[in-house]
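Chains, contacts and geometry: an overview
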Amino acid sequence: MSENLIEALVGEWEGVYKLWLEPGVLRSESPARASIRAVLAGRYVVVDYHWADRGAPQEGTMLLGCDGEDAWQMAWVDTWHTSRSIMSCTGGAGADLSILGSYDHADEQWGWRTTWAMSCADHLVVRAWNISPHGKEELATEMAYERRD
């Protein structure tokens, strides 16, 4: 599955980025684009993406790969979400690829779960959930893309 997914992700993508800071309250929605390229002989992909929060341009980069045994890893940076930190995430694949990272906020550790789902070769949805220190998950972002290349 890992090589097939990495190969399927490569390309140019356009769509919509949505951001929630409170459950059920959409903060912003903007056009989004992503450029995904394979690196290191197809073992990894680099995802460079652009979106906006209330008109302010934002961008992020993800390095995503798998060890061949469906143990996935991702390094993630984003101008809005991670500030000057790199979030390291790990996980596995089920119906969707799901990876988990964490960050500190107000002296507590929070989780961040990101899922990657392709319903067909030309449709990609990347969603992320904030996970409270008590384990409650709330949808935080959604990037819904269509292939453009």
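Residues numbered from 1 in each chain as written. Predicted model: local features only at pLDDT ≥ 70, side-chain atom pairs only at ≥ 80, totals over all residues. Heavy atoms only, no water.

The next thing to look at is the overall build of the protein. Within the protein, the regular secondary structure consists of one helix and ten strands. Going from the N terminus to the C terminus, the protein shows its helices and strands as α-β-β-β-β-β-β-β-β-β-β. For 149 residues, the compact-globule estimate of 2.2 N^0.38 gives 15 Å, and the protein sits close to it at 15 Å. Across its three principal axes, the protein shows a C-alpha extent of roughly 40 × 35 × 30 Å. Within the structure as shown, the protein displays about 8,300 Å² of accessible surface, and the carbon and sulfur contribution to it stands at 49%. In the protein, 12 side chains carry a positive charge and 23 a negative one; their mean positions are 5 Å apart. (Helix = DSSP H or I, 4+ residues; strand = E, 2+ residues; numbered from the N terminus. Rg over C-alpha atoms; globule rule 2.2 N^0.38 Å. Areas by Shrake-Rupley, 256 points an atom, 1.4 Å probe, with all protein chains shown as cover. Lys, Arg positive; Asp, Glu negative; His and termini not counted. Charge placed at Lys NZ, Arg CZ, Asp CG, Glu CD.)

Another aspect to go through is the layout of surface pockets. In this structure, the largest pocket encloses a volume near 550 Å³. Around the largest pocket sit 24 residues that line it, and H81, Y103, W110, W112 and N130 are the ones nearest its centre. (1 Å grid on protein atoms, 1.4 Å probe; cavity = no way out; pocket = protein on both sides within 12 Å on 5 of 7 lines; lining within 4 Å. Points joined across faces, edges and corners; volume = space filled by probe spheres on them.)

Y49, L64 and W116 are the most contacted members of the largest nonpolar core, which totals 31 residues. Residue contributions to this core peak at four residues, all from strand β3 (residues 44-53). (Core = buried A, V, L, I, M, F, W, Y, C linked by side-chain atoms within 4.5 Å. Buried < 20%, exposed > 50% of the residue type's maximum accessible area, 1.4 Å probe, protein only.)

What follows concerns the confidence of the model for the protein. Across the protein, pLDDT averages 93, with 97% of residues at or above 70. Of all the helices and strands in the protein, helix α1 (residues 2-9) carries the lowest mean pLDDT, 84, while strand β2 (residues 25-39) carries the highest, 98. (pLDDT = per-residue confidence, 0-100.)

Here we take up the environment of V10. Position of V10 among the secondary structure elements: in the loop between α1 and β1 (11-22). Taking the C-alpha atoms as reference points, V10 and W110, separated by 100 residues in sequence, lie 30 Å from one another. Not counting residues within four places of it along the chain, the set of residues in contact with V10 comprises I36, R37, A38, V45 and R147. (Contact = heavy atoms within 4.5 Å.)

A few words on the pattern of salt bridges. Counted by the stated rule, this structure contains seven salt bridges. Linking R113 and E137 is a salt bridge whose minimum nitrogen-to-oxygen distance equals 2.6 Å. In this pair, R113 is assigned in strand β8 (residues 108-120) and E137 in strand β10 (residues 137-147), connecting sequence segments 24 residues apart. The exposure class assigned to R113 is partly exposed, which follows from its relative accessible area of 21%. Relative accessible area serves as the criterion here: at 34%, E137 is assigned to the partly exposed category. Among the salt bridges present, the one from D149 reaches R147, with a minimum N-O distance of 3.7 Å. Look at the salt bridges and you will find they share partners, linking D122, R147 and D149 into a network. (Salt bridge = Lys/Arg side-chain N within 4 Å of Asp/Glu carboxyl O.)

Another aspect to go through is the packing of aromatic side chains. Both the distance between ring centres and the angle between the ring planes are used here to describe each pair of aromatic rings. Inspection of every chain in the model, using the stated rule, returns three aromatic pairs. Relative to W51, the ring of Y17 lies with its centre 3.9 Å away and its plane at 15 degrees, an arrangement referred to as stacked. Of the two residues, Y17 sits in strand β1 while W51 sits in strand β3, which places them 34 residues apart along the sequence. With relative accessibility at 1%, the residue Y17 sits in the buried group. Geometrically, the ring pair formed by W76 and W112 is stacked, given 5.4 Å between the ring centres and 15 degrees between the ring planes. Here W76, found in strand β5 (residues 71-78), pairs with W112, found in strand β8; they are 36 residues apart in sequence, far enough to count as distant. (Phe/Tyr/Trp six-rings, centres within 6.5 Å; stacked < 30°, edge-to-face > 60°.)

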